[in-house]
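# Fold and geometry: a report
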Amino acid sequence: MPGVPGSAEPDQISTEIARVFRAEYGRAVAILIRAFGDIDTAEDAVQDAFATAVTHWSADGLPPSPAGWIITTARNRATDRLRREASRQDRHAQAALLRAAAEPIEEGPVHDDRLRLIFTCCHPALAPAAQVALTLRLLGGLTTTEIAHAFLVPEPTMAQRLVRAKGKISGARIPYRVPTEADLPARLAAVLAVVYLIFNEGYVAGSGDELIRTDLCTEAIRLGRTLADLMPDEPEVAGLLALMLLAASRRAARTTPEGALVLLADQDRSGWDRDLIAEGQALVRQCLRRNQPGPYQIQAAINAVHSDAPTAADTDWGQILQLYDQMLALTPSPVVALHRSVALAEVSGPAAGLAAIDGLPLQSYYLFHAIRADFLRRLSRQAEAAAAYESAIARTANAAEREFLCRRLDSQTGE
Amino acid sequence: MPNYLISIYQPDGDPPPPEVLGPIMERLGDWNRRLRAAGAWVFTAGLLPPGTATVLRVSGSEEIVTDGPFAEGKEHLGGFTVITAADLDVALDWARQVAEITTLPIEVRPMALADGSG
């Protein structure tokens, strides 16, 4: 578990502390950043508080309000440390102390500090890779080592990325607040993109450390739930959460025990997580009632249709095609057109699918070649299918996907 | 409040013809007036073309003078404004207006305080 030293105390207490850490780390850091106006001070204090908690709680059990205990302890720790530094004439420490003493008064509706923090972490003035790393670090409480492993980046590179990003936040004064109404749609889109990127990084099977990457899915869903709690009136927030839940419901069925990829049509549907499906579908129904469609909601709805089908043959492809039509009208892009062609091929046959993707500017995208190969295979155009599989294989680095494509290629060349 | 340097980068070569440039300069003038009215204006300067620049290097007792700008590129710094703003979002709002008016890339960069800190 990140940030909390190991403990020889009973497992139950350490499990509880781990749970509190996961649930409350981001909130505690967010509150401390507002109080002291400094990210490093906040992080150090909250980590300190959790380290203290391991000792105290192991001896005395959990306090009535673990989150409150952590925040109070962290605040005291930070104040003590800053006092020591202030007595050494440290200008920053003095400023931070003054700020904490002034205890800023809220204007207008009170927002959860985590919401301010996520908008700071996902500010467009930061590079996307930095947005992702900061969000996982500050809101998720992942260690630099964990984030580096999850994104297959050397640890010093990730450490430097985080330091640089925090330096930009303080240097350029990236604000710590929820954007104004005029800026909100674009800024929220950036936040959702970061959460979805984290999810997808964990969802793509077979590369990197499997366990840590599964954690990324869990972390993204946790962030999605937090956002949905904090912004209940934003339909795309609910849409993204539903999309992640429905995709996660198929995780176990998506790969064989050996890590090979299993296509949706071939998955053992008894392996789908029914609780996640029920939760995701309830959110999709909520979105439908609200009737303010957006790309995440539509993708969630497509996933909900798949989840509804007891077998692949029962899939309502007509409804999926309609949803893709709506998606294409909303966000016309070659990638959406590519995905739509799969539904079209189910409704009108592989020749129609093939015609629909003809000329899409996606030559460098492995999935374009993989889908094209599948249409050609179904049309019994074996030589062309084999060539398309080879193009796809040349363009993916993902082991499970390569392995799947190679099997398909073999079936076309008769090896 | 921190100050931000708002730099306008324009392509090398001749400026646009007067019928295009005129309305742009007029709108930039409006922007400057709004800045002043908001109390956010600190300093503005337009620069003559980079061909008029001179670079000086001193190494020991030797002085080398070269003709032209320090960095040659396809774009050059055409002018800049220093503003004071509460935070980056406020500064970006002002800069966005310049980007819309000029259709040029605008760099927003925080200025260090007198003691060198952020």
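Scroll up to find the structure.
A few points on the structure. Just so it is clear, the model here is predicted, and its values are computed rather than measured. Per chain, the residues get numbers from 1 upward, laid out in the order the sequence is written. The naming scheme follows written order: chains are lettered A onward, ligands numbered 1 onward. Thresholds applied to this predicted model are a pLDDT of at least 70 for local features of residues and 80 or more for the giving and counting of side-chain atom pairs; totals over whole chains, interfaces and linings are not thresholded and use all residues. As a rule here, side-chain values cover all heavy atoms of the structure and leave hydrogens and water aside.

## Looking at the overall build of chain B
Where helices and strands are cited, they refer to DSSP runs of H or I of at least four residues and of E of at least two residues respectively, numbered from the N terminus. A tally of helices and strands in chain B yields two helices and six strands. When the helices and strands of chain B are placed in sequence order, the string is β-α-β-β-β-β-α-β. C-alpha extents for chain B along the principal axes are approximately 50 × 45 × 20 Å. In chain B, which comprises 118 residues, the share counted as buried stands at 28%. Relative accessibility thresholds used throughout: buried, under 20% of the residue-type maximum; exposed, over 50%; partly exposed, between the two (1.4 Å probe, protein chains only).

## Topic: the packing of helix α2 (residues 39-60) of chain A against helix α3 (residues 66-86) of chain A
Residue and element names in this part refer to chain A. Only the contacting stretch of a helix is used when fitting its axis, a line to C-alpha atoms as for every element, and angles between N-to-C directions run 0 to 180 degrees. The contact between α2 and α3 brings their axes to 8 Å, and the two run at 120 degrees. Relative to α3, the element α2 lies oblique. Read as a crossing pair, α2 and α3 show a hand that is right-handed. For the pair formed by α2 and α3, the contact residues are T41, D44, A45, V46, D48, A49, F50, T52, A53, H56 and W57 on the first element and P66, W69, I70, T73, A74, R77, A78, R81 and L82 on the second. Charged means Asp, Glu, Lys or Arg here, nonpolar means Ala, Val, Leu, Ile, Met, Phe, Trp, Tyr, Cys or Pro, and polar covers whatever is left, Gly included. Across the contact of α2 with α3, the residue classes tally to twelve nonpolar, four polar and four charged. Relative orientations are named as follows: roughly parallel for angles under 35 degrees, roughly antiparallel for angles over 145 degrees, roughly perpendicular for angles from 65 to 115 degrees, and oblique for any other angle. Crossing chirality is assigned from the near helix's rotation relative to the far helix, an anticlockwise turn below a right angle marking it left-handed and a clockwise turn marking it right-handed. A contact between two residues is defined here by any heavy atoms of the two lying within 4.5 Å.

## With respect to the packing of helix α15 (residues 317-330) of chain A against helix α16 (residues 334-348) of chain A
All names here are of chain A. Running from N to C, α15 and α16 point in directions that differ by 155 degrees, and their axes come no closer than 9 Å. One way to sum up the angle between α15 and α16 is to call them roughly antiparallel. Crossing angle aside, the handedness with which α15 passes α16 is left-handed. Contacts between α15 and α16 involve W317, G318, I320, L321, Y324, D325, M327 and L328 from the first element and V336, A337, H339, R340, A343, L344, E346 and V347 from the second.

## What to know about the layout of surface pockets
Residues and elements named next belong to chain A. Here a cavity denotes grid points, spaced 1 Å and computed from the protein atoms alone, that fit a 1.4 Å probe unable to get out, and a pocket denotes an open set having protein on both sides within 12 Å along at least 5 of 7 lines; residues with an atom within 4 Å of a point are the lining. Grid points are joined across faces, edges and corners, and a volume is the space filled by probe spheres set on the points. Taken as a whole, the largest pocket spans an internal volume of roughly 1700 Å³. Around the largest pocket sit 47 residues that line it, and L263, L264, H339, V342 and L367 are the ones nearest its centre. Of all the secondary structure elements, the ones that give two or more residues to the lining of the largest pocket are α9 (184-203), α11 (235-249), α14 (295-308), α15, α16, α18 (366-378) and α20 (399-413). Top element by residues in the lining of the largest pocket is α18. It accounts for eight residues. Looking at the lining of the largest pocket residue by residue, the classes come out as 30 nonpolar, seven polar and ten charged.

## What to know about the nonpolar core
Residue and element names in this part refer to chain A. Here, nonpolar core refers to any group of buried Ala, Val, Leu, Ile, Met, Phe, Trp, Tyr and Cys residues whose side-chain atoms link them within 4.5 Å. L32 and F199 are the most contacted members of the largest nonpolar core, which totals 128 residues. The element contributing the most residues to this core is helix α1 (residues 11-36), with 13 residues. Contact partners of L32, with chain neighbours within four places excluded, come to G37, A42, A45, V46, I71, A74, R75 and A78. Ranked by size, the runner-up nonpolar core spans 26 residues in total, among them A337, L338, I357 and A373.

## Focus: the packing of aromatic side chains
Residue and element names in this part refer to chain A. What counts as a ring pair is set by centres within 6.5 Å for rings of Phe, Tyr and Trp (its six-membered ring), and what kind of pair is set by the plane angle: stacked under 30 degrees, edge-to-face over 60, tilted for all other angles. Under the criterion given, the structure shown has eight aromatic pairs over all chains. For the pair F21 and Y25, a centre-to-centre distance of 4.9 Å together with 40 degrees between the ring planes defines the contact as tilted. Placement of the pair is F21 and Y25 together in helix α1, with a separation of four residues, close to one helical turn. Among the residues examined, F21 registers a relative accessible area of 1% and is labelled buried.

## Comments concerning unusual backbone geometry
Look at A:L152: it is not a glycine, yet its phi comes out positive at around 55 degrees. Relative to the elements of secondary structure, A:L152 occurs in the loop between α7 (144-150) and α8 (155-171). The exposure class assigned to A:L152 is exposed, which follows from its relative accessible area of 54%. Of note in the backbone geometry, B:T103 takes a positive phi value of approximately 55 degrees without being a glycine.

## Things to note about the interface of chain A and chain B
Taken together, the contacts link eleven residues of chain A with 14 residues of chain B. Take a side-chain nitrogen of Lys or Arg and a carboxyl oxygen of Asp or Glu: if they are within 4 Å of each other, that pair is a salt bridge. Inspection of the region where chain A meets chain B yields two salt bridges. A:R187 is the salt-bridge partner of B:D89, the closest N and O atoms lying 3.3 Å from each other. In the analysis that follows, any N or O atom pair within 3.5 Å is treated as a polar contact, provided that within protein one partner can donate a hydrogen and the other can accept it, and provided that, for residues neighboring in sequence, both atoms belong to side chains. Seen at the junction of chain A and chain B, the total is five residue pairs in polar contact (both at pLDDT 80 or more). In the side of chain A that touches chain B, the residues fall into four nonpolar, two polar and five charged.

## A look at the pattern of salt bridges
Residues and elements named next belong to chain A. Inspection of the entire model under this criterion finds 25 salt bridges over all chains. The partner of E16 in a salt bridge is R19, and the shortest N-O contact between them spans 3.2 Å. Of this pair, E16 and R19 both sit in helix α1, three residues apart, roughly one helical turn. Residue R378 pairs with E346 through a salt bridge whose shortest N-O separation is 3.3 Å. Highlighted residues: R378 in helix α18 and E346 in helix α16, separated in sequence by 32 residues. Here the salt bridges do not stand alone but share partners, grouping E346, D374, R377, R378 and R408 into one network.

Keep in mind these values describe shape, not function.
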